[in-house]
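Descriptive structure summary
Given next are the chains, with one letter for each unit.
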Amino acid sequence: MHALAGLWVLSLLTYGYLSWARPREDGQESGHRPEPGTPANSQPHLIFILADDQGFRDVGYHGSEIRTPTLDRLAAEGVKLENYYVQPICTPSRSQLITGKYQIHTGLQHSIIRPTQPNCLPLDNASLPQKLKEVGYSTHMVGKWHLGFYRRECMPTGRGFDTFFGSLLGSGDYYTHYKCDSPGVCGYDLYENDRAAWDHGGGTYSTQMYTQRVQRILASHDPGKPLFLYIAYQAVHSPLQAPSRYLARYRSIVNASRRRYAAMLSCLDEAVGNVTRALKAHGFYDNSVIIYSSDNGGQPTAGGSNWPLRGSKGTYWEGGVRAVGFVHSPLLKNRGTVCKELVHITDWYPTLVALAEGQIDEDVHLDGYDVWETISEGLRSPRVDILHNIDPIYTKARNGSWAAGYGIWNTAIQSAIRVRHWKLLTGNPGYSDWVPPQAFSNLGPNRWHNERVTLSTGKSVWLFNITADPYERVDLSGRYPGVVRQLLRRLSQFNKTAVPVRYPPRDPRSNPQLNGGAWGPWYQEESKKEKPRQNKAQCKQKGGAAKKRLQEAGARPPCGQAVPRG
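Below or above, wherever it landed, is the structure these notes cover. This one's a predicted model, so the numbers in the text were calculated from it and none came from an experiment. (Residues numbered from 1 in each chain as written. Predicted model: local features only at pLDDT ≥ 70, side-chain atom pairs only at ≥ 80, totals over all residues. Heavy atoms only, no water.)

Glancing now at the overall build of the protein chain. Secondary structure summary: the protein chain contains 13 helices and 18 strands in total. Counting only residues that meet the buried cut, the protein chain has 58% of its 566 residues in that class. The contacts in the protein chain between residues at least 6 apart in sequence include a share of 74% that link residues at least 24 apart. Just so you have it, the protein chain exposes about 22300 Å², and 50% of that area is on carbon and sulfur atoms. (Helix = DSSP H or I, 4+ residues; strand = E, 2+ residues; numbered from the N terminus. Buried < 20%, exposed > 50% of the residue type's maximum accessible area, 1.4 Å probe, protein only. Contact = heavy atoms within 4.5 Å. Areas by Shrake-Rupley, 256 points an atom, 1.4 Å probe, with all protein chains shown as cover.)

So, on to the pattern of salt bridges. By the definition in use, this model includes 23 salt bridges. Note that R57 is salt-bridged to E65, the shortest N-O span being 3.1 Å. What makes E65 partly exposed here is its relative accessible area of 35%. Across the pair D58 and R258 runs a salt bridge, and its minimum N-O distance is 2.9 Å. Separated by 200 residues along the polypeptide, D58 in the loop between β1 (45–51) and α2 (69–77) and R258 in helix α7 (residues 256–281) bring together distant segments of the chain. (Salt bridge = Lys/Arg side-chain N within 4 Å of Asp/Glu carboxyl O.)

Moving on: the sheet that holds strand β17 (residues 422–426). Taken together, four strands build an open sheet; the order of strands is β15-β16-β17-β18 and the sheet is antiparallel. Looking at strand neighbours, the two that pair on one side only are β15 (385–391) and β18 (461–465), the edges of this open sheet. Here the average twist between neighbouring strands, direction ignored, is 10°. Helix α11 (residues 481–495) contacts β15, β16 (414–419), β17 and β18 of the sheet and is inclined by roughly 70° relative to β17. (Pairing = 2+ DSSP bridges. Axes fitted to C-alpha atoms, helices over the stretch in contact; angles between N-to-C directions.)

The next subject is unusual backbone geometry. Cis geometry is adopted by the peptide bond preceding P239, which originates at S238 and carries an omega value of 5°. With respect to the element layout, P239 can be found in the loop between β10 (227–232) and α6 (244–247). With omega at 10°, the peptide bond leading from W307 into P308 counts as cis. Mapped onto the secondary structure, P308 falls in the loop between β11 (288–294) and α8 (318–321). One non-glycine residue with positive phi stands out, namely D53, at about 70°. As for its placement among the helices and strands, D53 is situated in the loop between β1 and α2. Unusually for a residue other than glycine, E357 sits at a positive phi of about 65°. Tracing the chain through its elements places E357 in the loop between α9 (348–355) and α10 (372–377).

On to empty space enclosed by the protein, then. Per the stated rule, a full pass over the model turns up two cavities of 30 Å³ or more. The volume enclosed by the largest cavity comes to roughly 90 Å³. When grouped by side-chain class, the residues that make up the lining of the largest cavity number four nonpolar, six polar and three charged. Empty space within the second largest cavity amounts to approximately 50 Å³. As for the second largest cavity, its lining consists of I113, R114, P115, H146, G148, F149, L168, L169 and G170. (1 Å grid on protein atoms, 1.4 Å probe; cavity = no way out; pocket = protein on both sides within 12 Å on 5 of 7 lines; lining within 4 Å. Points joined across faces, edges and corners; volume = space filled by probe spheres on them. Nonpolar A, V, L, I, M, F, W, Y, C, P; charged D, E, K, R; others polar.)

For α9, the buried fraction is high: eight of the eight residues fall into the buried class. Looking only at α9, the buried set comprises W348, Y349, P350, T351, L352, V353, A354 and L355. At the exit of α9 stands E357, carrying a positive phi of roughly 65°.

Here we come to the pairing of β1. The element β1 is largely enclosed, with a buried count of seven among its seven residues. Burial along β1 is two-sided: the face carrying H45, I47, I49 and A51 and the face carrying L46, F48 and L50 are both buried.

Tracing the chain through its elements places K131 in helix α4 (residues 128–133). By relative accessible area, K131 is classed as buried at 7%. Apart from residues no more than four positions distant in its own chain, K131 is found in contact with A126, Y349, V353, Q359, I360 and D361.

Empty space within the second largest pocket amounts to approximately 700 Å³. Together, 22 residues line the second largest pocket, and N83, R322, K340, R418 and T467 are the ones closest to its centre. Residues of the lining of the second largest pocket, tallied by class, amount to nine nonpolar, five polar and eight charged.

Within the largest apolar cluster, 54 residues are counted, with the highest numbers of intra-cluster contacts made by L46, F228, Y230, V327 and W348. Of all the elements in the fold, those that place two or more residues in this core are β1, β2 (79–81), α3 (90–99), α4, β10, β11, α9 and α10. If one sorts the elements of this core by residue count, α9 sits on top with five residues. Those residues within four positions of Y230 in sequence are excluded, and the remaining contacts are F48, L50, R94, L97, I98, H140, M141, V142, K144 and F161. Counting 52 residues, the second largest nonpolar core, distinct from the first, contains A263, M264, L268 and A518. (Core = buried A, V, L, I, M, F, W, Y, C linked by side-chain atoms within 4.5 Å.)

Defined simply, a disulfide is a covalent bond joining two cysteines at their sulfur atoms. What the rule picks out here adds up to two disulfides. Here C120 connects covalently by a disulfide to C154, the sulfurs 2.2 Å from one another. Given an S-S torsion of about -50°, the disulfide between C120 and C154 has left-handed geometry. Residue C120 is found in the loop between α3 and α4, and its partner C154 is found in the loop between β4 (138–144) and β5 (163–167); the two are separated by 34 residues along the sequence. Its relative accessible area of 2% is what places C120 among the buried residues. Residue C154 is classed as buried on the basis of its relative accessible area of 1%. Put simply, C180 and C186 are joined by a disulfide, and their sulfur atoms are 2.0 Å apart. Between C180 and C186, the S-S torsion sits near 105°, and that sign places the bridge as right-handed. Judged by relative accessible area, which is 1%, C186 ranks as buried. (Disulfide = S-S within 2.5 Å.)

What follows is the structure, encoded as structure tokens:
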């Protein structure tokens, strides 16, 4: 029996090698249009729901102890995406969703956009909402932006959204909407379009507050006109905060972080249910496409679980980049199915533009593909590879070299690529443990329970057949040097198309203390005169209730008092 099992695994590994094919060199697939049988007129309403830091295991249908009945039902009635990839951290995933381009083609290869950096999504890239507006869509964003805001043009309303209600930064308090980037550099982070929404800072939990705003948008919009609604929830990103009634459901979870995380996810699940009911109540549902996705893998130290995948958020192991995702829509031809074809977050851009009956200019090269027929009809994916990333300024691997990369690639550089069944990693891929569920039995994820892997063994290249070995347990780089060379050449080809990294130093003018107490645009062209600062009388007129709430939480109000350290 063991011999047969071994032969089966070997055959799968060999299949990956023998089925090698040259990666596609052309651009995106031609645009697909909604199928016959959809409602007349019909550009569908497009609803994109992005969760933050939800782990691969953290949904009921992946075996989680966390109850997610809404997500389970929507996924079961739609199409589950079980070979679906995103980026390992926040800004990269969001930038690729909005542009349809890899990080190497927008200059955002390294890390995230920090609150104090004069940086944002490049303004010369046509955004997804801009393309949808061209064909008559109303475009609304609710939730977390995290794509830069140092100039007003970088704000969501400057990038194609008719309205925006949400946060600009990567994280913050769920109730006060207040964030400190470093000691003394703190501010309020809740916006209504391009102004700080002081009047909304009354202590409402963000998941519920964002859902209420979505319900208002749906109640006021004409369902006969196409709508694009991008809902980027803050949950389940740290800090781990949840209303008490959700915490009560998980008293049996001993680990405090996991318990709070579970409560946050249950609240998010309920919120998605409320959005779906609102779509039905206001006449949108029958002509809508609902897409649900996490932005990256879970963080075990903050309660998330990617088991049985390897690694975590911030890494290029499967636990960092393989995501929970599904599509739910009455317009799907094959509902109640599982899609195991390769899909990446860049694919939503051309897919949604095509569904909207829009056009992508011939001179624009996207890294995404139109995958609607793959998802709706079960056809083969046009995608055969994914560049997970090339980060030339990340900490170099001590043991990496050109020699280790056969003279094709410097393996000290952090990079990762998937081509068909094969995945190659070079450099320092990040934290590489497998964190099983029992690791959460104590006060924190207990590394005693983890399956530890040391990277100090001289390695800087790893090769896996992900189809046969999705948990990345068998490194095949020594067995298949020919495959390693081919993937290194593909990395080199991609790298030739990369633009310079955009990762500027912090700008002290970004401090909210200098800008009315709220995070927001601070950069002005040298030729423009500086706007006069508000006086105290003007500040007193702004959101008294919000300021009182901030003071009670130990936060700095928009004017006057000094910012507390922390």
